[in-house]
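Overview (structure and organization)
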Amino acid sequence: MLKIGLTGGIGAGKSIVAKVLSELGFPVFNSDDEAKRILNFDPEIIKQVTFLLGDKAYNEFGLDRAFVASQIFSDDSKRIEINKIVHPKVKENFNEFCAQQNSELVFNEAAIIFETGGPSFYDKTILVTAPADLRIARVLKRDNSTIEDVQKRMDAQWPDSKKVSLADYVIINDNETPVLTQIEKIITDLRSI
């Protein structure tokens, strides 16, 4: 079994690629969804986040995402600490997910693989890229965010130019280059390993 990291900046379209992979029959673990789940339901994680960010980190509905985002996207040290709290547990859960699969390829969709030193955790990595203006437009449509909020989130991630040289494969998702063709080529290559 090969563990494949699937990543890309906000709005690049990694979720679209993950959906295609899933429809092709491959198991896909979503690290971002898993992080949200443990941030809301894991008592030890909740305790650590509250210690780091204070009681405003949670409200009666669970994690106050707007408050937490305002804290971690304006303070690099808090973002680094949150990642140290959440990512080990997400990786542990991904390993458990892999142990339950019977597939030659298992994918992990995760936003910040390179930023957190994660490439060594995977056998191969796939980076999904898109032009910045298209990424912003996608996120504005999807999240009802402001341009400033999207830009802050993009600025907190490494630029594609830095990640391309680290990735084993790159998928261009610019609404012009056929994504399925790129995915099929990568799958063929991965199966030959």
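What you see is a predicted model, and the numbers here were worked out from it, not measured in a lab.

1. Details of a nonpolar patch on the surface
The grouping of Val 164, Val 170 and Ile 172 at the surface amounts to a nonpolar patch, some 200 Å² of accessible area in total. Mapped onto the elements, Ile 172 comes out in strand β7 (residues 169-172).

2. Remarks on the packing of helix α2 (residues 31-41) against helix α3 (residues 43-53)
Where α2 meets α3, the closest approach of the two axes is 6 Å, and the angle between their N-to-C directions is 80°. Taken together, the axes of α2 and α3 are roughly perpendicular relative to one another. The residues of α3 that touch α2, namely those facing Ile 38, Leu 39, Asn 40 and Phe 41, are Pro 43, Ile 45, Ile 46 and Val 49. Residues belonging to the contact of α2 with α3 are distributed by class as follows: seven nonpolar, one polar and no charged.

3. Some words on the pattern of salt bridges
Counted under the stated rule, the structure contains six salt bridges. Between Arg 37 and Glu 34 there is a salt bridge; the shortest N-O distance is 2.7 Å. Of this pair, Arg 37 and Glu 34 both sit in helix α2, three residues apart, which is roughly one turn of that helix. Lys 163 is the salt-bridge partner of Glu 115, the closest N and O atoms lying 3.8 Å from each other. Of this pair, Glu 115 sits in the loop between β5 (105-109) and β6 (124-129) while Lys 163 sits in helix α8 (residues 160-164), placing them 48 residues apart in sequence.

4. Section: the sheet that holds β6
Spatial ordering of the open sheet is given by β2-β5-β1-β6-β7, a layout of five strands whose pairing is parallel. Looking at the sheet topology across the chains shown, the edges are occupied by β2 (28-30) and β7. On average, each strand axis in the sheet is tilted by 25° relative to the strand beside it, whichever way the strands run. One ladder, built from five bridges, connects strand β1 (residues 2-8) with β5; its direction is parallel. The residue of β5 that forms the bridge with Ile 4 is Phe 107. Where α2 meets the sheet, it contacts β2 and β5, and its direction lies at approximately 45° from that of β2.

Thresholds, definitions, all that
Residues numbered from 1 in each chain as written. Predicted model: local features only at pLDDT ≥ 70, side-chain atom pairs only at ≥ 80, totals over all residues. Heavy atoms only, no water. Patch = residues over 30% accessible without salt bridge, like charges linked within 9 Å, V, L, I, M, F, W, Y side chains within 5 Å. Areas by Shrake-Rupley, 256 points an atom, 1.4 Å probe, with all protein chains shown as cover. Salt bridge = Lys/Arg side-chain N within 4 Å of Asp/Glu carboxyl O. Helix = DSSP H or I, 4+ residues; strand = E, 2+ residues; numbered from the N terminus. Axes fitted to C-alpha atoms, helices over the stretch in contact; angles between N-to-C directions. Parallel < 35°, antiparallel > 145°, perpendicular 65-115°, else oblique. Contact = heavy atoms within 4.5 Å. Nonpolar A, V, L, I, M, F, W, Y, C, P; charged D, E, K, R; others polar. Pairing = 2+ DSSP bridges.

In short, geometric facts, not functional conclusions.
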